[in-house]
Amino acid sequence: MSPITNSAGWQNGYRRVLAWGMAKATEADEQTIKLHDCHDYTTMADLKRSLLGHLQGRVLEIGPGAGTNLTYFPPDIHWIGVEPNLFTHLYIRQEAERHGLKDIELHGQPAEQFPVEDGSLDAVVSTYVLCSVTDIDTTLKDIQRVLKPDGKFVFMEHVAATDGTCTRTVQDGITPVWKTVFDHCHPNRETWRNLEKAGFATVDYQTFRLSIPVVSPHIAGVATRASIDSKTELAHGQSKSRQPTLGDIHDI
Ligand SMILES: C[S@@+](CC[C@H](N)C(=O)[O-])C[C@H]1O[C@@H](n2cnc3c(N)ncnc32)[C@H](O)[C@@H]1O
């Protein structure tokens, strides 16, 4: 067997295990996952219901894993999933069926390579994916491109701890190994900074912690694409956008 075949076989085995692990995690009752230091929500299920339960129309989810979020969406949306780990697709379809989502599309490219028409989506969702994408700034620009004016980008991500803390030192030290073992996941990304400078009209989020080490704290919230009017304002230097910093507590 050639080294290339060997490496492909190893990668497939690895992806299969990841998919199985994500499917197992999907079985967890998120009502029992407690959020610490969160302003408005006490459990993961409450927070996700608030973020995802009111979305309408055409919704693109990047990196849906084994479909852990499908239980929270209104079943009548048109859901488009872009998940490069093909071993998750069977689990996603099963979850969609279990939760009554009938109008779904599933694609196997990385988000960066998935063709979507400009201004064609009501919402884009990413939970724990921006830590892994190859180029976060390009991904955020692309998300804005495909959103309709006033469309929503809903995100939940683990992010870098504050500079100088023990957790941050561990995150910085462990990242080279971590990203190799965990499918390109970076524990030390300052994702809030990328969101703030990406050009959204508003970026609102809350911070919280979970009872797990290394990948903490977390941010969850909504960024809104500029409307046509505010895009014109932006062109004339009259933006009213608010630029929060990590640690600000905003209403979702
Ligand atoms: C940590 S898992 C999160 C899964 C799910 N969103 C959740 O909240 O449980 C990250 C997922 O993102 C996917 N992923 C990684 N890079 C991606 C990319 N460039 N485009 C789309 N999905 C990606 C992985 O295959 C994996 O399923």
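Provided above is the structure to which this section pertains.
In short, a report on the structure. (Residues numbered from 1 in each chain as written. Predicted model: local features only at pLDDT ≥ 70, side-chain atom pairs only at ≥ 80, totals over all residues. Heavy atoms only, no water.)

**Considering the layout of surface pockets**
To keep things clear, this is the line we draw: Here a cavity denotes grid points, spaced 1 Å and computed from the protein atoms alone, that fit a 1.4 Å probe unable to get out, and a pocket denotes an open set having protein on both sides within 12 Å along at least 5 of 7 lines; residues with an atom within 4 Å of a point are the lining. Grid points are joined across faces, edges and corners, and a volume is the space filled by probe spheres set on the points. Runs of H or I in DSSP of at least four residues are treated as helices and runs of E of at least two as strands, each being numbered from the N terminus. Classification used: nonpolar for Ala, Val, Leu, Ile, Met, Phe, Trp, Tyr, Cys and Pro, charged for Asp, Glu, Lys and Arg, polar for all others including Gly.
By volume, the largest pocket amounts to about 1,600 Å³. Taken together, 50 residues make up the lining of the largest pocket; nearest its centre are M22, T127, Y128, S132 and D183. Those elements giving two or more residues to the lining of the largest pocket turn out to be α1 (3-26), α2 (44-52), β1 (58-62) and α5 (166-181). In terms of residues, the lining of the largest pocket owes the most to one element, α1, which gives 10 residues. Classifying every residue of the lining of the largest pocket gives 27 nonpolar, 16 polar and seven charged.

**What to know about the site of the ligand**
Rules: Residues are labelled near a given molecule or strand when at least one of their non-hydrogen atoms is within 4 Å of it. Within 3.5 Å is the distance limit for a polar contact, defined as a pair of N or O atoms, with the added protein rule that one can donate a hydrogen and the other accept it, and that residues adjacent in sequence qualify only through two side-chain atoms. Only the protein chains shown count as cover for residues, with accessible areas throughout obtained via the Shrake-Rupley method and a probe of 1.4 Å.
What surrounds the ligand is a group of 17 residues, the closest being G63, E83, A111, E112 and T127. Separating a nitrogen atom of the ligand from a backbone N or O atom of A111 is a distance of 2.8 Å. Between T127 and the ligand, the recorded distance is 2.6 Å, taken from a side-chain N or O atom to an oxygen atom. Look at the ligand: alone it shows 590 Å² of surface, and the protein chains cover 82% of it.

**Regarding helix α3 (residues 89-98)**
Applicable threshold: Relative accessibility decides the category of a residue: with a 1.4 Å probe and only protein chains considered, values under 20% of the type maximum give buried, values over 50% give exposed, and everything between is partly exposed. It is the directions from the helix axis to the C-beta atoms whose arc is reported.
Burial in α3 covers these residues: H89, I92, E95 and A96. For α3, the buried positions fall inside an angular range of 120 degrees around the axis, keeping them on one side. Among the exposed residues of α3, those oriented more than 90 degrees off its buried face are L90, E97 and R98. Just downstream of α3, G100 is the residue with a positive phi angle, here 75 degrees.

**Some remarks on the packing of aromatic side chains**
Given two aromatic rings, one states the distance between the centres and the angle between the planes to describe the pair. Inclusion rule: Working definition: rings of Phe, Tyr and Trp (its six-membered ring) pair if their centres are within 6.5 Å, and the pair is stacked with planes under 30 degrees apart, edge-to-face with planes over 60 apart, and tilted otherwise.
Taken as a whole and judged by the stated rule, the model has five aromatic pairs. Here W10 and Y14 contribute two aromatic rings whose centre-to-centre distance is 5.5 Å and whose plane-to-plane angle is 15 degrees, an arrangement assigned as stacked. Of this pair, W10 and Y14 both sit in helix α1, four residues apart, which is roughly one turn of the helix. The interplanar angle of 45 degrees and the centroid separation of 4.7 Å between the aromatic rings of W178 and F182 together place this pair among those described as tilted.

**Side note on the sheet that holds β1**
Note the following rule: Paired strands, in this sense, are two strands between which DSSP finds at least two bridges. Only C-alpha atoms enter the line fits that serve as axes; for helices the fit covers just the stretch in contact. Angles between N-to-C directions range over 0 to 180 degrees. We call two residues in contact when some of their heavy atoms are within 4.5 Å.
Across the sheet, seven strands lie side by side as β3-β2-β1-β4-β5-β7-β6; this open sheet has mixed pairing. On the outer flanks of this sheet lie β3 (104-107) and β6 (202-208), each paired with one strand and no other. Shown here is a sheet whose adjacent strand axes are inclined to one another by a mean of 15 degrees, direction ignored. Bridge analysis of β6 against strand β7 (residues 218-224) gives seven bridges, and the strand direction is antiparallel. Following the sheet pairing, T207 is matched in β7 by I219. The sheet strands contacting α2 are β4 (121-127), β5 (147-158), β6 and β7, and the helix crosses β5 at an angle near 165 degrees.

**Let's talk about the side chain of T43**
One can find T43 in the loop between α1 and α2. Taking the relative accessible area as the measure of exposure, T43 reaches 3% and is therefore buried. In this structure the side chain of T43 is engaged in a polar contact, spanning 3.3 Å, whose partner is the side chain of Q31. Residues within four places of T43 in sequence aside, it is in contact with E30, Q31, I33, K34 and L35.

**Notes on the environment of T26**
Note that T26 resides in helix α1. Using a relative accessible area of 13% as the deciding quantity, one classes T26 as buried. Look past the residues within four positions of T26 in its chain and what remains in contact with it is A66, T68 and E95.

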